[in-house]
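# Close look at the chain arrangement
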Amino acid sequence: MSYLRQLLWYFYKPLFIWNLAFSLGYLEIIHIYGQKVISYGFFFKLLGYASTTYLQSYTAKNTYMYYRNAGYSIKRMYIYVYTIDIGIYIILLTLYLYYA
Amino acid sequence: MNYLKVDSVALAFNGRNILQSVYLNCRQGEVIGLLGRNGCGKSSLLKIIFGTLNADHKYVSINDEFIHKGYLNNRIAYLPQHNYLPAGVKIEKLARILVDPKLWDDFIQIPVYRNKFNKTISSLSGGELRQLETMIIIHSRAEFILLDEPFTHISPIQADEFKPVIRACAKHKGIIVTDHQYHNILDVSDKIILLTDGVTKHLTNHEELITYGYLSGIN
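The structure presented is a predicted model; accordingly, all values stated were derived computationally and were not measured. (Residues numbered from 1 in each chain as written. Chains lettered and ligands numbered in written order. Predicted model: local features only at pLDDT ≥ 70, side-chain atom pairs only at ≥ 80, totals over all residues. Heavy atoms only, no water.)

### Quick word on the UniProt feature "domain: ABC transporter" (unreviewed entry) in chain B
Using the residue numbers shown here, the UniProt feature "domain: ABC transporter" (unreviewed entry) corresponds to residues 4–218 of chain B. As annotated, residues 4–218 of chain B has a helix share of 30% and a strand share of 28%, and its two end C-alpha atoms lie 30 Å apart. (UniProt positions renumbered as here; feature names shortened; annotations may be inferred. Helix = DSSP H or I, 4+ residues; strand = E, 2+ residues; numbered from the N terminus.)

### Re helix α2 (residues 91–98) of chain B
Residues of α2(B) that are buried include every one of Ile91(B), Leu94(B), Ala95(B), Ile97(B) and Leu98(B), and no others. Seen end-on, α2(B) carries its buried residues on one side only, within an arc spanning 160 degrees. On its buried face, α2(B) is in contact with α1 (4–33) and α3 (64–69) of chain A together with α3 (104–107), α4 (111–116) and α5 (126–138) of chain B. (Buried < 20%, exposed > 50% of the residue type's maximum accessible area, 1.4 Å probe, protein only. Arc of directions from axis to C-beta. Contact = heavy atoms within 4.5 Å.)

### Looking at the UniProt feature "transmembrane region" (unreviewed entry) in chain A
Residue and element names in this part refer to chain A. Following the UniProt record, the feature "transmembrane region" (unreviewed entry) maps to residues 7–26, 38–56 and 77–99 here. Between the end C-alpha atoms of residues 7–26 the distance is 28 Å, and the span holds 100% helix and 0% strand. Summarising residues 38–56: 84% helix, 0% strand, and an end-to-end C-alpha distance of 27 Å.

### Some thoughts on the packing of aromatic side chains
Taken as a whole and assessed by the stated rule, the structure comprises 23 aromatic pairs over all chains. Seen in terms of ring centroids, Tyr66(A) and Tyr67(A) are 5.4 Å apart; in terms of plane orientation they differ by 90 degrees. Their pairing is edge-to-face. Judged on exposure class, the residue Tyr66(A) and its partner Tyr67(A) are both buried. Judged by centre distance (5.8 Å) and plane angle (35 degrees), the rings of Tyr113(B) and Phe117(B) are tilted. Residue class for Tyr113(B) comes out buried when judged on its relative accessible area of 3%. (Phe/Tyr/Trp six-rings, centres within 6.5 Å; stacked < 30°, edge-to-face > 60°.)

### What about the pairing of strand β2 (residues 16–27) of chain B?
Residues and elements named next belong to chain B. As paired elements, strand β1 (residues 3–13) and β2 share eight bridges and run antiparallel to each other. Note that in β2 the partner of tyrosine 3 across the bridge is arginine 27. The antiparallel pairing of β1 with β2 creates a hairpin that spans two residues between the two strands, and asparagine 14 there sits at a positive phi of about 50 degrees. (Pairing = 2+ DSSP bridges.)

### Some points on the interface of chain A and chain B
Contacts between the two partners involve 16 residues from chain A and, on the opposite side, 24 residues from chain B. Summed over both sides, the interface between chain A and chain B buries roughly 1800 Å², with carbon and sulfur atoms accounting for 64% of that surface. Considering only the side of chain A, the residues that lose the most area to chain B are Met65(A), Tyr66(A) and Asn69(A), jointly responsible for 39% of the buried surface there. Inspection of the chain A/chain B interface yields zero salt bridges. Across the chain A-chain B interface, the total number found is six residue pairs in polar contact (both at pLDDT 80 or more). The set of elements that each furnish at least two residues to the side of chain A that touches chain B consists of α1 and α3 of chain A. At five residues, the largest contribution of residues to the side of chain A that touches chain B is made by α3(A). A class-by-class count of the residues in the side of chain A that touches chain B yields eight nonpolar, six polar and two charged. (Buried area = accessible area lost by both parts, 1.4 Å probe. Salt bridge = Lys/Arg side-chain N within 4 Å of Asp/Glu carboxyl O. Polar contact = N/O pair within 3.5 Å; in protein donor to acceptor, adjacent residues only side chain to side chain. Nonpolar A, V, L, I, M, F, W, Y, C, P; charged D, E, K, R; others polar.)

### Quick notes on the environment of Arg37(B)
Residue and element names in this part refer to chain B. Among the secondary structure elements, arginine 37 is positioned in the loop between β3 (31–35) and α1 (42–50). Arginine 37 sits in the exposed class, given a relative accessible area of 56%. Along the primary structure arginine 37 and histidine 68 are separated by 31 residues, whereas in three dimensions their C-alpha atoms are 27 Å apart. Looking at arginine 37, its side chain comes within polar contact range of the main-chain oxygen of glycine 213, at 2.7 Å.

As structure tokens, then:
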């Protein structure tokens, strides 16, 4: 458990830029079309998660064994990192709506 | 002393039975050598024990406690045939997560680690990376270690360096090792199991490898 934060970062690192791009991309869509499209945000994020999961399982599947040998399932790693990512997205959205 | 029990494993692909009557038992302090021809299901069996391949039927237990996925909570570690360390992270950071703190002082004496610990895996040659990955798994926190072809892609002298390390770690762990370099397997193992026609044969002497058609002769 003491190494979980490190493991999550190693797992999240290759996905971070991609997911951040989806978050910022959607904030730009809200900026252009207004707050009426906010409700579509989570669908947009889900699309991002599906594509990053596919990308990761295609390009970095071999490294899954590293996380399993650390005692964690891959499903659990994805749940953790996407929970963190959705938290980042909500913070960015809140900041945007506050300052917009 | 902990013991791993694998029983009644059945696996079929496209109607072809790969594994049908598999039984093996591994105690801590023991090295089991698993031999078999190409495609006989050795790697599949290790993946089933580790929990990354679903069998049609299996019973895997540690101390008679059923284990669904061996890797959860560091019960079992597995060296796959492919490279598994993530890129872009210093080797020391990667190793600290997997290596058993009790074995850390032994682990840091390993030349490939000592020379490259503050670099990333991109600085290693293929042989060095394989050696490092194998050593990390052998020194991992798990009670049982599964090694899938640890002697492949390394030089004979590196293989000779591995064997005493495997023996030393087997004092505290149970190890199941498979490779086509049968000499190395015979050298390092306490017991030999031959996987043939989906069935495990527990050999009592090396000549049985000829009897069962795995070898034409022993040098």
